[in-house]
Number of protein chains: 2
Amino acid sequence: MRPVAIVGAGKTPFGTLPDQDLRSLAVAAGEKALRNAHVEPAAVDSFYLGNFAGPEFTAQNHLAPYISTALGMAGIPSTRFEAACASSGAAFFQAFMGVASGIYDMVMVVGVEKMTCQPTPRVTEILAGAGDCATEVKAGSTFPSLFAMIARRHMHDFGTTRRHLSAVAVKNHENGALNPDAQMRKVITLDQAMNARPIAEPLNLYDCSLISDGAAAVVLCAADRAHEFSERPVKVLGVAQASDWVALDRKPDITTFAAVRGAARKAYEMAGLGPGDIHFAELHDCFTIAEIVALEDLGFVARGRGGFFSAEGCTRRDGPMPINASGGLKSKGHPVGATGVAQICDLVQQIRCEAGDRQLKRHSVGLAQNLGGSGATCVVTILGGR
Amino acid sequence: MRPVAIVGAGKTPFGTLPDQDLRSLAVAAGEKALRNAHVEPAAVDSFYLGNFAGPEFTAQNHLAPYISTALGMAGIPSTRFEAACASSGAAFFQAFMGVASGIYDMVMVVGVEKMTCQPTPRVTEILAGAGDCATEVKAGSTFPSLFAMIARRHMHDFGTTRRHLSAVAVKNHENGALNPDAQMRKVITLDQAMNARPIAEPLNLYDCSLISDGAAAVVLCAADRAHEFSERPVKVLGVAQASDWVALDRKPDITTFAAVRGAARKAYEMAGLGPGDIHFAELHDCFTIAEIVALEDLGFVARGRGGFFSAEGCTRRDGPMPINASGGLKSKGHPVGATGVAQICDLVQQIRCEAGDRQLKRHSVGLAQNLGGSGATCVVTILGGR
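Report follows, based on the coordinates. None of the values given here were measured: they were computed from a predicted structure.

Conventions we followed
- Residues numbered from 1 in each chain as written.
- Chains lettered and ligands numbered in written order.
- Predicted model: local features only at pLDDT ≥ 70, side-chain atom pairs only at ≥ 80, totals over all residues.
- Heavy atoms only, no water.
- Helix = DSSP H or I, 4+ residues; strand = E, 2+ residues; numbered from the N terminus.
- Rg over C-alpha atoms; globule rule 2.2 N^0.38 Å.
- Contact = heavy atoms within 4.5 Å.
- Areas by Shrake-Rupley, 256 points an atom, 1.4 Å probe, with all protein chains shown as cover.
- Lys, Arg positive; Asp, Glu negative; His and termini not counted.
- Charge placed at Lys NZ, Arg CZ, Asp CG, Glu CD.
- Buried area = accessible area lost by both parts, 1.4 Å probe.
- Polar contact = N/O pair within 3.5 Å; in protein donor to acceptor, adjacent residues only side chain to side chain.
- Nonpolar A, V, L, I, M, F, W, Y, C, P; charged D, E, K, R; others polar.
- Pairing = 2+ DSSP bridges.
- Least-squares fit on C-alpha atoms with pLDDT ≥ 70 in both.
- Disulfide = S-S within 2.5 Å.
- Buried < 20%, exposed > 50% of the residue type's maximum accessible area, 1.4 Å probe, protein only.
- Salt bridge = Lys/Arg side-chain N within 4 Å of Asp/Glu carboxyl O.
- Axes fitted to C-alpha atoms, helices over the stretch in contact; angles between N-to-C directions.
- Parallel < 35°, antiparallel > 145°, perpendicular 65-115°, else oblique.
- Phe/Tyr/Trp six-rings, centres within 6.5 Å; stacked < 30°, edge-to-face > 60°.
- Lys NZ or Arg CZ within 6 Å of the ring centre and 35° of its normal.

Some details on the overall build of chain A
Here is step 1: Each helix and strand in chain A was counted, giving 14 helices and 11 strands.
Here is step 2: Taking 21 Å as the expected radius of gyration for a compact globule of 386 residues, we find that chain A reaches 19 Å, a close match to that expectation.
Here is step 3: The principal-axis extent of the C-alpha atoms belonging to chain A is close to 55 × 45 × 35 Å.
Here is step 4: In chain A, once contacts between residues fewer than 6 apart in sequence are set aside, the share between residues at least 24 apart is 78%.
Here is step 5: Accessible surface computed for chain A: about 12000 Å², of which carbon and sulfur atoms make up 52%.
Here is step 6: Within chain A, one finds 36 positive and 37 negative side-chain charges whose respective centroids are separated by 3 Å.

Written out as structure tokens, the structure is:
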């Protein structure tokens, strides 16, 4: 395998965007990434689309050629990758292999989701399709309730508190308030976060990520040619995907995800790095408890200590391990199929020192963790600027 | 790239299968392929699922880990690939690259669709999502009507007749009647085929493929290790995927598909073969006219001659270019996400001389053409037994 670099990245703002449809969002992000890479559409060898539930949200299916042709790329292989909320992480993983193996010289990955064209109950129902419909969903589970069970168990086993969860929300809102592309640029107090209306106890409104429209895109090429396209290419140091049972009840322990540990182990191994070498990370905080569990599964803190670590301020921008400096899914927004590539764009922005008010001091090695369902898919990506 | 071989293949029967759900179908095919390859689930490095619209047909999404875990493969990368009716062709294409590049030693590809749990009008609506919803679908087009326009234009430009279309149907039904796994094992007369009730004129009932449940699976490994697993491994000589606009009205000529010509050109080039070297083929006869157009786009006959060639009996099992000896989508059935891998299983069966009453005399080099939408995606695969 040869080294691979990101030479272009582009995102749309995330939010409720009534004037944009699924394709216009994807095309906007794709065109930004192409411009950022100084690459013409004709130079792209293969197109990778991450999208979770476009057909259910918008009726349109067969989405990869639908978008790649509009980007001026008719002819090349164009495929959609689905792995729930890790769909564009999965697309990125496959795209990386396409270049690393030498099959392709230049590829594009786009992640997109258009969620706000459906009423909220229908969105919740569509998202529940990433759970096991025959068992947990049939029994009434939605994703807030699944992660509520995870939170409850984490509290029971490790002494994690309501305040720990809220500390994650307060920090991510503080970061997102500085991100011009974030959906909810709103600082919240700990008191607000702790006393918001319940969604699925112990989770309340501020523990849950948002329903969003948005897209993100990157252009990848062989690292030895990256300087032809970008003054600041970003190297893919490691990337791995792992899987586990979809149903939460099939997991022997619901406070740790085998798919996250598995993907992290392989990504660290590929990068020749460990958790201590990572300067900052974008974690999949679909719910506040998910960020806490990810901190532990990625080895940033000991098992059970994620809540305490967060409440002590260690994951703030000025802390020893800044997490979700972008605002995370919580404040930046969570257009599910876009999230994996959006996290990678956020890493690129930090590594290139382009993060403005959110710029971190230590920003050379970043990690993104993209989760699908309640831990059935995970993609871990490690990028570096050196 | 290193040579790749198929060491295991397995299919479920196709049909209306009320006792089987999406996962049990996929697992049944997957287990057959594993047994056929004498491979344990633990030996599989990565799982590739082709599925078009499982979430819309069955509500279940996040389908790749949902199925791979049930096959005993928890942990490995498990991703769903969507490219309309070419979804499992696209999954096979990516899986091939995974092994050819040396990243994986052994991978599994499964294609599946469970369509009969929805009423027919809803199936037609879901399938229409593979067209352009904002233009052609909004204007009332369904796939029968899109292919009816293609047929009408082909008749106008080249003198193709109603009888030519029916000759394709009669031949595919004759073949399918000999296939124990086919959905509709029913010989039909030319008279029946020509006078069936209209669906979208000039297409009638017998010009249209079926609504089906079914799954198909293959196991791929590096060719130099194939004999460890199979006495009769089948080599992947060439495989390519190409794309084009989703909307039919964006194509300058609707009687030929650029994606098919593009994928064929690359697959022939990879195999070092031309159309004259192919002994037999499985073509994507979602409608009879599609088989005729594919004959031309793949170079088996000159432009405009596909109908005449078919009516002359040249594509029958005893003809110079046997097409769809399996019965094709027309008679075997068309569980859309399964079709691409099912075609590959049909090639494997012929190449291994396991096709029973349908066994062809010349069967060493076979080609499969898997089409998505009205020509927006095409995957062409060439297999050989020598």
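What about the interface of chain B and chain A?
Here is step 1: Contact with chain B, which involves 53 residues of that partner, is made by 53 residues of chain A.
Here is step 2: Note on chain B versus chain A: buried area summed over both sides is about 3900 Å², and carbon and sulfur give 52% of it.
Here is step 3: Of all residues in chain B, B:H62, B:E82 and B:S243 give up the largest surface area on contact with chain A, accounting jointly for 17% of the area buried on that side.
Here is step 4: Joining chain B to chain A, the criterion identifies 29 residue pairs in polar contact (both at pLDDT 80 or more).
Here is step 5: Only α2 (54-58), α3 (63-68), β3 (78-82), α4 (87-100), α6 (133-137) and β8 (234-243) of chain B provide two or more residues apiece to the side of chain B that touches chain A.
Here is step 6: No other element matches β3(B), which puts 5 residues into the side of chain B that touches chain A.
Here is step 7: Grouping the constituent residues of the side of chain B that touches chain A by class yields 29 nonpolar, 17 polar and 7 charged.
Here is step 8: Direction of pairing for strand β3 (residues 78-82) of chain A relative to β3(B): antiparallel, over a ladder of 3 bridges.

Brief notes about the relation of the copies chain B and chain A
Here is step 1: Laying chain B over chain A is done by rotating through 180 degrees and shifting 0.0 Å along the axis; what remains is an RMSD of 0.0 Å. Put plainly, the chains are arranged around a two-fold axis.
Here is step 2: Comparing interface residues between copies, 100% of those in chain B also sit at the interface in chain A, which points to an isologous, same-surface contact.

Section: the state of the cysteines
Here is step 1: Summed over all chains, the structure comprises 0 disulfides over all chains.
Here is step 2: The cysteine A:C133 is free of any disulfide, with B:C117 supplying the nearest cysteine sulfur at 12 Å.
Here is step 3: No disulfide involves B:C286; its sulfur sits 6.7 Å from the nearest other cysteine sulfur, which is in B:C85.
Here is step 4: Since its relative accessible area comes to 7%, B:C286 is described here as buried.

Observations concerning the pattern of salt bridges
Here is step 1: Taken as a whole and judged by the stated rule, the model has 30 salt bridges over all chains.
Here is step 2: Here A:R232 ties to A:E354 by a salt bridge, and the two come within 2.8 Å at their closest N and O atoms. Pair noted here: A:R232 is in the loop between β7 (213-222) and β8 (234-243) and A:E354 is in the loop between α14 (336-351) and β10 (365-372), with a separation of 122 residues, a long-range link.
Here is step 3: Classification of A:E354 as partly exposed rests on a relative accessible area of 34%.
Here is step 4: For the salt bridge of B:D318 with B:R316, the shortest nitrogen-to-oxygen distance reads 3.7 Å.
Here is step 5: Residue classification places B:R316 among the partly exposed positions, given a relative accessible area of 33%.
Here is step 6: If you follow the salt bridges from partner to partner, you end up with A:K11, A:K332 and A:D346 in one network.

Quick look at unusual backbone geometry
Here is step 1: Following A:E201, the chain continues into A:P202 via a peptide bond in cis, with omega recorded as 10 degrees.
Here is step 2: Tracing the sequence through the fold places A:P202 in the loop between β5 (198-200) and β6 (203-204).

Looking at the packing of helix α4 (residues 87-100) of chain A against α14(A)
In helix packing, the relevant descriptors are the interaxial angle and the interaxial distance, both defined with respect to the helix axes.
Residue and element names in this part refer to chain A.
Here is step 1: One way to put it is that α4 packs onto α14 with a least axis distance of 5 Å and a crossing angle of 60 degrees. In this view, α4 runs oblique relative to α14, as classed from their interaxial angle. Across the interface between the two elements, S87, S88, G89 and F92 of α4 pack against G337, A338, T339, G340, V341 and I344 of α14.

Some words on the packing of aromatic side chains
Here is step 1: Per the stated rule, a full pass over the model turns up 9 aromatic pairs over all chains.
Here is step 2: Consider the rings of A:F147 and A:F257, whose centres lie 6.5 Å apart with planes at 80 degrees: the pair is edge-to-face. You can see A:F147 sitting in helix α7 (residues 143-158) and its partner A:F257 sitting in the loop between β8 and α10 (258-271), a full 110 residues away along the chain.
Here is step 3: Note on A:F257: relative accessible area 2%, which makes it buried.
Here is step 4: An aromatic cluster is defined as three or more aromatic residues linked by ring pairs; in this entry it consists of A:Y48, A:F81, B:Y48 and B:F81.
Here is step 5: In this arrangement the basic side chain of A:K11 is found over the ring face of A:F14, its NZ or CZ atom lying 5.7 Å from the centre.

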